[in-house]
Amino acid sequence: MTLPAPPSPTADHADLRPSAPPPRRSRLGKLRPDLGASFVVFLIAIPMSLGIALAAGAPLTSGIVAAVVGGIVVGTLGGAPLQISGPAAGLTVVVAGLIPTYGWRVTCAITVLAGVLQILLGLSRVARAALALSPAIVHGMLAGIGIVIALAQFHVVLGGSPDGTARANLHQLPGQLASLHSPELAVGAVTAAVLAAWPWVPERLGPVRKPPAPLAAVALATAFAAGFRLDVSRVELPHAAVTLPALPTGFGTTGLITAVVTVAVVSGVETLLSAVATDRLHDRKRADLDRELTAQGAGNVVSGMLGGFPVSGGAIRTTANIRAGAESRASTVLHGVWVLVFAGLLAGVVERIPLAALAALVMVVGLQMVNRAHIRHVHRHREFPAYVATVVGVVAAGVLEGVALGVLVAAATALFRLSRSTVRTSVRDGVLHVEVHGSLTFLSVPRLSRALDKLPPGEHVVLDLTVDHLDHAAFDTVHNWRTGYIARGGQVEIEEIHDDHYVRAAEGQPGAGRVGPTPSPRWFAPWWHWQRLQPRRGRPPAHPLVAGTREFQLRTAPLVQPFLERLAIEGQNPAQLFITCADSRIVPNLITASGPGDLFTVRNVGNFVPPRTTGGGAGACCADAAGGDGADDSVGAAIEYAVSVLGVRSITVCGHSGCGAMAALLDSRDADPADAEPADGHGLPEPTPHLRRWLAHGVPSLARFAERPAPTLSGRVPPPAEQLCLANVLQQLDNLLGHPVVHRAVEDGQLRLFGLYFDLAGAQMYVHDTATGRFEPVDAPTGEAADRDAAAEAAPPEPGHPETVPV
């Protein structure tokens, strides 16, 4: 077997040199991705624009006008450069209701006025306020519109004509099925079948990429109708492409204002939601929603003046634009240009399209607006009633009516939840525990009062308030009950988990007295309480660990049991070995925000990594200095198990301020400067032979501290005790590389070594930066530090050296 020749030294050195900047692209090179994306979106926009105009009963040219204006005008001015605007399905129902009432020319004037309103809202910078509407209501609105569209277009597919309302269409559906027109049904079936099967078609069809699904469906349905010479209705484009709007006269002011607000709101909300949703598909600058709303308003003004359909941002076309590789707003503008050229030169091609094909296309789009993922998401957040109410309201009454109904149901649901609080009473260790969960408001007072009044008098009661809100009425109920219960010889303590609502409200109240432990506004309240808990009167204090395990069993275990069950079945697969001190103040999972299964942890006095020796066991060199065998295999065994068996990808050594082991080492040096070995100094009463032998592993750290420049914390030189703690972290990293299993893994690029330091008093974590030799805060860095971190994360680790933690 012939082995490849090793790389030349020149190549090696070339790899180490900074890479040359990429060549600057020409204007055509920069425009090429946008050209391709604009053509893809143009192919989608033509059938969609015609289909939406057809579904609303508007002139078919109005859809083309709106697509051109949405591309050129909104694309040029918009705050979401990659968003494609044009006629959208969400406005179909609204426009379909306006045309029979006002006529098309007045509907165009309403579009212009809605655009002016959107411009004013955008200039007022209130776009973000539209996103405050519950997603359940927004998704319900779109789903209701989709159902109305699907019902109406199904009549066209069957060869009939839709009515003005969803109820009428549903009522007439049996008669329409009895008198269906087979050619239209066949064309619609072909269109729907192509749309359903298109996702399974390979991305490339021979030398060309597959066209967008809407274009393929309409093109194949048109070919099908032409090939079989089916007698079907086809698109008819009027000769007058521009219809000037007419000022509304003779109509009620209230109805016109409602129409303008409806078009503006539905168009604006759909636009803003589409912009926010599609922002997740790219890593460029986030959309300027106020500018986007203003641009949509300008687009509606222009579209209405030219007799076009109202425009709004569309998620389907925007997603296609981004996935096709668009890089700037040029793709948006160019797609409008292609639609304009097509409408001017190829109008005859459009007139060959069967109306049933466009109706089937819009019907499928309407059904897709009833999104199962949205339903699951809404149900998971317990907002399904508002979703259903909005859908029913839109289908039965209209868009604004449905949204109003959804808002009312959402408000009623929130009010109902505020009234729902759970009250449980139990006896533990001879003490009555009353646990209250939820929100305590005036609506919860009756239930809470009944539970408290049932408690027997003269008992020791602990009232555990795990509540996120406590209003005045609920506080008065709790406070008055507590005062009366104590007056009758009882004893009451108030414990609060989330926040100290009761304690703050009780300040200055008569009879407030002692309410229990100092409440904590944190999730770690149970152990926070036990740190400060005084022995309760009348009985000995409970053991903290027993009480803590009981707390875990009652509150936490039910939440984490499924996760722990999976870990029990799959076994452990931690990504990191974490070596830190046994100090009781250091909680590894707390300071690393990790959970079960994340860390393989080794803790010992001083966070030592005894160096591996060839004889006498790990740490034999230090054992000789300490005067005993001192062999220690526990840390070495953990390292080998973590790297060889568990396959961890990183090892972290974490020191901390105020370390007793480092203080003992410093005291031994100060007591006898000639003796570098630890003696009976600070914190080492006689006899402690095992501890003295163990601290001998810190002798190299003491020597490093004495011989090398002091490590710094963010550029400052810390006190000697902290300097030794920092030097100890660096020494243990060097000791790690003395273990062959670690050295090999680091050399192969499979393992990274990190150094951390925890300032206990400041609750600040520091990470060792090999580029500067300093310990820097782990907060998100900026400037050069950020560049170094990004480079360190992207590049493989340098063999044989500990690294900076990527933060």
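Residues numbered from 1 in each chain as written. Predicted model: local features only at pLDDT ≥ 70, side-chain atom pairs only at ≥ 80, totals over all residues. Heavy atoms only, no water.

A. Representation of the overall build of the protein chain in the model. Counting its secondary structure elements, the protein chain contains 33 helices and 14 strands. Put simply, the protein chain has 807 residues, and 46% of those count as buried. By sequence separation, contacts in the protein chain at least 24 residues apart represent 72% of the contacts at least 6 residues apart. Of the roughly 39,400 Å² of accessible surface on the protein chain, 61% is carried by carbon and sulfur atoms. (Helix = DSSP H or I, 4+ residues; strand = E, 2+ residues; numbered from the N terminus. Buried < 20%, exposed > 50% of the residue type's maximum accessible area, 1.4 Å probe, protein only. Contact = heavy atoms within 4.5 Å. Areas by Shrake-Rupley, 256 points an atom, 1.4 Å probe, with all protein chains shown as cover.)

B. Focus on a positive patch on the surface. Positive charge collects at one region of the surface, where Arg-420, Arg-447, Arg-450 and Lys-454 lie side by side. Turning to its location among the elements, Lys-454 is positioned in the loop between helix H20 (445-453) and strand E7 (460-470). Note on Lys-454: relative accessible area 71%, which makes it exposed. (Patch = residues over 30% accessible without salt bridge, like charges linked within 9 Å, V, L, I, M, F, W, Y side chains within 5 Å. Salt bridge = Lys/Arg side-chain N within 4 Å of Asp/Glu carboxyl O. Lys, Arg positive; Asp, Glu negative; His and termini not counted. Charge placed at Lys NZ, Arg CZ, Asp CG, Glu CD.)

C. Broad picture of the packing of helix H9 (residues 182-197) against helix H16 (residues 355-368). Contact pair H9 / H16: the axes reach a minimum separation of 8 Å and the direction vectors enclose 45°. Classified by the angle their axes make, H9 and H16 are oblique. For the crossing formed where H9 meets H16, the hand is right-handed. Contacts between H9 and H16 involve Glu-184, Val-187, Gly-188, Thr-191, Ala-192 and Leu-195 from the first element and Ala-356, Ala-357, Ala-360, Leu-361 and Val-364 from the second. Taken together, the residues that form the contact of H9 with H16 break down as eight nonpolar, two polar and one charged. (Axes fitted to C-alpha atoms, helices over the stretch in contact; angles between N-to-C directions. Parallel < 35°, antiparallel > 145°, perpendicular 65-115°, else oblique. Left-handed = near helix turned anticlockwise from the far one by under 90°. Nonpolar A, V, L, I, M, F, W, Y, C, P; charged D, E, K, R; others polar.)

D. Geometry of the packing of aromatic side chains. Evaluation of the coordinates by the stated rule reveals nine aromatic pairs. Aromatic pair Tyr-757 and Tyr-766: ring centres 6.4 Å apart, planes at 45°, arrangement tilted. (Phe/Tyr/Trp six-rings, centres within 6.5 Å; stacked < 30°, edge-to-face > 60°.)

E. Just the sheet that holds strand E5 (residues 421-428), in detail. As summarised here, the arrangement of the four strands in space is E5-E6-E7-E8, forming an open sheet in which the pairing is mixed. At either end of the open sheet lies a strand with only one pairing partner, and these are E5 and strand E8 (491-496). Neighbouring strand axes in the sheet, compared pairwise and without regard to direction, differ in orientation by 20° on average. As judged from the eight bridges shared by E5 and strand E6 (residues 431-440), these two strands associate in the antiparallel manner. If you follow Arg-424 over to E6, its bridge partner there is Glu-435. (Pairing = 2+ DSSP bridges.)

F. View of a nonpolar patch on the surface. A surface patch of nonpolar side chains, about 360 Å² in accessible area, is lined by Val-341, Leu-345, Leu-346 and Val-349. Here Val-341 shows up in helix H14 (residues 330-345).

G. Molecular detail of the side chain of Asn-321. Mapped onto the secondary structure, Asn-321 falls in helix H13 (residues 315-323). Taking relative accessible area as the criterion, Asn-321 reaches 0% and is therefore assigned buried. If we skip the residues at most four places from it in the chain, Asn-321 touches Ala-37, Val-41, Leu-82, Ile-84, Ala-326, Ser-331 and Thr-332.

H. Quick peek at the sheet that holds strand E14 (residues 774-777). The six strands are arranged E10-E9-E11-E12-E13-E14 in an open sheet whose pairing can be described as mixed. The open sheet terminates on both sides in strands that have one partner only, identified here as strand E10 (599-604) and E14. Geometrically, the sheet is characterised by an average inter-axis angle of 30° between neighbouring strands, direction not taken into account. Sitting on the sheet, helix H27 (residues 634-646) touches strand E9 (576-581), E10 and strand E11 (650-656), and the angle it makes with E10 is about 170°.

I. Structural detail: the packing of H27 against helix H32 (residues 740-747). Two numbers describe how H27 lies on H32: the axes approach to 9 Å, and their chain directions differ by 35°. For the crossing formed where H27 meets H32, the hand is left-handed. Taken together, the residues of H32 that come into contact with H27 (itself represented by Ile-639, Glu-640, Val-643 and Ser-644) are Val-741, Val-742 and Ala-745. Considered class by class, the residues forming the contact of H27 with H32 number five nonpolar, one polar and one charged.

J. Local environment of the pattern of salt bridges. What the rule picks out here adds up to seven salt bridges. Salt-bridge contacts for Glu-570 lead to Arg-566; the nearest nitrogen and oxygen are separated by 3.2 Å. Here Arg-566 and Glu-570 lie together in helix H24 (residues 544-570), a separation of four residues that amounts to about one turn. For Arg-774, the salt bridge goes to Glu-776, with nearest N and O atoms at 2.8 Å. Residue Arg-774 is classed as partly exposed on the basis of its relative accessible area of 32%. Where salt bridges share partners, they join Arg-424, Arg-428 and Glu-435 into one cluster.

K. Expanded view of the nonpolar core. Residues Leu-50, Ile-110, Ile-145, Phe-309 and Val-339 are the most contacted members of the largest nonpolar core, which totals 73 residues. Not counting residues within four places of it along the chain, the set of residues in contact with Val-339 comprises Phe-42, Ala-45, Ile-46, Ile-64, Ala-67 and Val-68. The next biggest cluster of nonpolar side chains, apart from the first, holds 45 residues, and it includes Leu-577, Ala-661, Ala-745 and Leu-751. (Core = buried A, V, L, I, M, F, W, Y, C linked by side-chain atoms within 4.5 Å.)

L. The environment of Val-462, seen in detail. Position of Val-462 among the secondary structure elements: in strand E7. For Val-462, a relative accessible area of 1% translates into the label buried. Spatially, the C-alpha atoms of Val-462 and His-433 are 4.9 Å apart, while their sequence positions differ by 29 residues.

M. Broad picture of helix H5 (residues 104-123). Between its first and last C-alpha, H5 extends 29 Å over 20 residues, near the 28 Å set by a 1.5 Å rise per residue. Every buried residue of H5 is listed here: Trp-104, Val-106, Thr-107, Cys-108, Ala-109, Ile-110, Thr-111, Val-112, Ala-114, Gly-115, Gln-118 and Gly-122. Tucked into the core, H5 has its buried residues touching helix H3 (60-77), helix H4 (92-102), helix H11 (253-279) and helix H12 (289-305). Immediately downstream of H5, the backbone of Arg-125 shows phi near 60°, a positive value. (Expected span 1.5 Å × (residues − 1).)

N. Broad picture of H14. Over its 16 residues, H14 extends 22 Å from the first C-alpha to the last, a length consistent with the 22 Å expected when each residue adds 1.5 Å. Among the residues making up H14, those that are buried are Ser-331, Thr-332, Leu-334, His-335, Gly-336, Val-339 and Phe-342.

O. Broad picture of the confidence of the model for the protein chain. Looking at the protein chain as a whole, the pLDDT averages 80, with 80% of positions reaching at least 70. Ignoring residues within four places in sequence, the model shows residues 673-682, a span with pLDDT below 50, making 23 contacts including any to other chains. (pLDDT = per-residue confidence, 0-100.)

P. Structural context of unusual backbone geometry. Even without glycine at this site, Arg-125 takes up a positive phi of about 60°. By the secondary structure assignment, Arg-125 is in the loop between H5 and helix H6 (127-130). For Arg-125, a relative accessible area of 60% corresponds to the exposed category. Located in the positive-phi region is Ala-763, a residue other than glycine, with phi close to 50°. Within the secondary structure layout, Ala-763 lies in the loop between strand E12 (752-759) and strand E13 (764-769).

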